[in-house]
Amino acid sequence: MDKSTIVCRCEEINIDEIETAIKNGAESFDDIKRLTRCGMGPCQSKVCFNPVSEIIADCTGKTLNEIGLPRFRMPLKMVRMSALAQESEDGSVVSVFGESVEDGESKNG
Ligand code: FES
């Protein structure tokens, strides 16, 4: 495969950038993520995790089990903002926890 082939479509990271990160010491998907932003796009590594893990395995000789899974953060799937916040009866915006989120601050109330 050509080194310019994009493996992370969201962040436009190609094979050459992944291999450079590995040469600079990356040994896991999370290491690659920190060095290149690969996996930080809207799909949150759902598309690029497998091909990047295979590149790590090829370059380091590790098995896919040794490479392991990336650290996932919430939410694990796309969530509509209306599921997280809504307009209250008095017209203010409140989170699902009933907190006011006016002026960008979360206030208990
Ligand atoms: S393809 Fe890598 S984060 Fe989406």
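Residues numbered from 1 in each chain as written. Predicted model: local features only at pLDDT ≥ 70, side-chain atom pairs only at ≥ 80, totals over all residues. Heavy atoms only, no water.

A short note on the packing of helix α1 (residues 15–23) against helix α3 (residues 49–60)
Which entries qualify depends on this criterion: Fitted lines through C-alpha atoms give the axes, limited to the stretch in contact for helices. The angle between two N-to-C directions lies from 0 to 180 degrees. Strands here mean DSSP runs of E at least two residues long; helices mean DSSP runs of H or I at least four residues long; both are numbered from the N terminus. Throughout, the term roughly parallel applies to angles under 35 degrees, roughly antiparallel to angles over 145, roughly perpendicular to angles from 65 to 115, and oblique to all others. In this scheme, a crossing is called left-handed if the near helix is turned counterclockwise away from the far one by less than a right angle; it is called right-handed if the turn is clockwise. Any two residues having at least one pair of non-hydrogen atoms within 4.5 Å are treated as being in contact. All amino acids are sorted into three groups, where Ala, Val, Leu, Ile, Met, Phe, Trp, Tyr, Cys and Pro are nonpolar, Asp, Glu, Lys and Arg are charged, and the leftover types, Gly among them, are polar.
α3 packs onto α1 with a crossing angle of 50 degrees between their chain directions and a minimal axis gap of 10 Å. For the element pair α1 / α3, the angle class is oblique. Between α1 and α3 lies a crossing of right-handed hand. Along the contact surface, α1 presents Ile 15, Ile 18, Glu 19 and Ile 22, while α3 presents Val 52, Ile 55, Ile 56, Cys 59 and Thr 60. When the residues that make up the contact of α1 with α3 are grouped by side-chain class, the tally is 7 nonpolar, 1 polar and 1 charged.

Re the UniProt feature "domain: SoxA A3" (unreviewed entry) in the protein chain
Going by this rule: UniProt positions are given in the numbering used here, feature names are shortened, and annotations may be inferred rather than shown by experiment.
As recorded in UniProt, the sites labelled "domain: SoxA A3" (unreviewed entry) are residues 5–85. Annotated as 46% helix and 7% strand, the span residues 5–85 places its first and last C-alpha atoms 40 Å apart.

Focus: the packing of α1 against helix α2 (residues 29–36)
For any two helices packed against each other, the geometry comes down to the angle between their axes and how far apart the axes lie. Between α1 and α2, whose axes approach to 10 Å, the crossing angle comes to 110 degrees. Considered as vectors, α1 and α2 are oriented roughly perpendicular to each other. Packed against α1, whose contacting residues are Glu 17, Ile 18, Ala 21 and Ile 22, the element α2 presents Ile 32, Leu 35 and Thr 36 at the interface. Along the lines of polarity and charge, the residues of the contact of α1 with α2 split into 5 nonpolar, 1 polar and 1 charged.

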